[in-house]
Amino acid sequence: MMTTVAFAEVPTPVGPFVLAVTEVGLAATGWGARTHPGERLSDLTEVDDPERTAFVVAELNAYFAGDLRTFETPIDWRLTSGSRRQVLKTLHGIPYGTAVTYGELAERSGSRVPARGIGSIMGSNPIPIVVPCHRVVAGNGLGGFSGGEGVETKRWLLTHEGYLQPTLLDL
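Residue numbers run consecutively from 1 along every chain, following the written order of its sequence. Where local features are concerned, this predicted model is filtered to residues with pLDDT of at least 70; where side-chain atom pairs are given and counted, the filter is 80 or more; whole-chain, interface and lining totals use all residues. With hydrogens and water set aside, each side-chain value is computed from the structure's full complement of heavy atoms.

Draft legend 1. View of the overall build of the protein. The numbering of helices and of strands both runs from the N terminus, where a helix is a DSSP run of H or I of at least 4 residues and a strand a run of E of at least 2. Assigned secondary structure in the protein consists of 5 helices and 6 strands. Reading the protein from its N terminus to its C terminus gives the helix and strand order β-β-β-β-α-α-β-α-α-β-α. Expressed as lengths along the three principal axes of its C-alpha atoms, the size of the protein is roughly 45 × 40 × 25 Å. Buried, partly exposed and exposed residues are distinguished by accessible area as a fraction of the type maximum, computed with a 1.4 Å probe on protein chains only: under 20%, between the cut-offs, and over 50%, respectively. Per-residue burial over the protein gives 46% buried out of 171 residues. Throughout, a residue-residue contact means that at least one pair of heavy atoms, one from each residue, lies within 4.5 Å. Intrachain contacts of the protein at a sequence separation of at least 6 include 56% that bridge at least 24 residues. With an accessible surface of roughly 8,600 Å², the protein has 52% of that area assigned to carbon and sulfur atoms. For the area figures, the Shrake-Rupley method with a 1.4 Å probe applies, and any residue is considered shielded solely by the protein chains shown.

Below, the structure is given as structure tokens:
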């Protein structure tokens with residue numbers, strides 16, 4: 001029975017990023033103490049286990065350095081279920097440097113969740129970046145983003161991946 005969680009913090013260009021890793025895999029992430037993922041895993045015992053978190057830390061560092069396009073970190077889906085899990089697993093397969101609309105993700109997932117419901121699922125995604133909710137956009141623009149500094153973080157991530165062109169502010 002999986003009963004422990006180990007945490008790590010990764011400094012990133014979009015702010016400190018906290019990881020929660022169980023014996024199964026990455027269960028939650030979040031920006032800094034403001035959304036510490038441990039709150040959602042309070043039924044697990046916290047352990048100090050840098051070896052457990054090392055792989056995902058290395059992958060995130062490589063991603064932000066521009067050297068990683070596909071995460072291979074195992075995922076622990078325990079904080080999701082039903083249609084929400086179905087949508088997030090579909091999202092997990094959206095490739096680096098691409099984006100889909102809320103409606104396209106709804107259709108691809110086969111979940112019968114309407115586009116508006118997809119937005120709600122994106123806003124409560126327990127594993128942003130690795131499960132790339134930033135790659136879901138509105139049909140008429142970027143749409144919302146609840147992580148980091150909001151839409152600015154989403155714009156940065158999509159620019160980093162080459163989906164958006166840099167602006168003069170990025171140069």
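Draft legend 2. Geometry of the side chain of glutamate 161. Along the polypeptide, glutamate 161 turns up in the segment after helix H5 (151-160). We call two N or O atoms a polar contact when they sit within 3.5 Å, provided that within protein one can donate a hydrogen and the other can accept it, with sequence-adjacent residues counted only if both atoms are side-chain atoms. A distance of 2.7 Å separates the side chain of glutamate 161 from the side chain of tyrosine 63, its partner in a polar contact. Polar contacts involving the side chain of glutamate 161 include one to the side chain of histidine 134, which spans 2.8 Å. Setting aside its immediate chain neighbours within four residues, glutamate 161 contacts Tyr63, Tyr96, Gly97, His134 and Arg135.

Draft legend 3. Region of the structure containing helix H1 (residues 50-64). Multiplying 1.5 Å by the helix residue count minus one yields the expected span of that helix. Between its first and last C-alpha atoms H1 spans 20 Å; for 15 residues at 1.5 Å apiece the expected length is 21 Å, and the two agree. Fitting axes to the seven residues ending at a residue and to the seven starting there, one defines the bend at that residue as the angle between these axes. The sharpest bend along H1 measures roughly 25° and falls at valine 56. Those residues of H1 that sit buried are Thr53, Val56, Glu59, Leu60, Tyr63 and Phe64. In this structure, the buried residues of H1 make contact with strand S1 (4-10), strand S2 (17-22), strand S3 (26-31) and H5. Positive phi shows up at glycine 66, right after H1, with a value of about 85°.

Draft legend 4. Local environment of the sheet that holds S2. In spatial order, the strands read S3-S2-S1-S4; together these 4 strands make up an open sheet with mixed pairing. On the outer flanks of this sheet lie S3 and strand S4 (45-47), each paired with one strand and no other. Here the strands of the sheet are splayed against their neighbours by 30° on average, with no regard to which way each runs. In this scheme, strands are said to pair when DSSP sees at least two bridges between them. Summarising the sheet, S1 and S4 pair through 3 bridges and their orientation is parallel. In this description, a line fitted to the C-alpha atoms serves as the axis of each element, helices being fitted only across the stretch in contact, and the angle between N-to-C directions of two axes falls anywhere from 0 to 180 degrees.

Draft legend 5. Examining the environment of valine 100 more closely. Turning to its location among the elements, valine 100 is positioned in strand S5 (residues 100-101). When the C-alpha positions of valine 100 and valine 136 are compared, they lie 5.1 Å apart, and in sequence the two are 36 residues distant. If we skip the residues at most four places from it in the chain, valine 100 touches Ile94, Leu105, Arg108, Arg135, Val136 and Val137.

Draft legend 6. Region of the structure containing the packing of aromatic side chains. The rule is short: rings of Phe, Tyr and Trp, with Trp giving its six-membered ring, pair when the centres are within 6.5 Å, and they are stacked under 30 degrees, edge-to-face over 60, tilted in between. Using the criterion set out here, one finds 6 aromatic pairs in the structure. Ring centres of tryptophan 31 and phenylalanine 145 lie 6.0 Å apart, and the angle between their planes is 80°; on these two criteria the pair is classed as edge-to-face. Residue tryptophan 31 is found in strand S3, and its partner phenylalanine 145 is found in the loop between strand S6 (136-137) and H5; the two are separated by 114 residues along the sequence. Across the pair, exposure class does not vary: tryptophan 31 and phenylalanine 145 are buried alike. For the ring pair tyrosine 63 and phenylalanine 71, a centre distance of 5.5 Å and an interplane angle of 35° mean the geometry is tilted.

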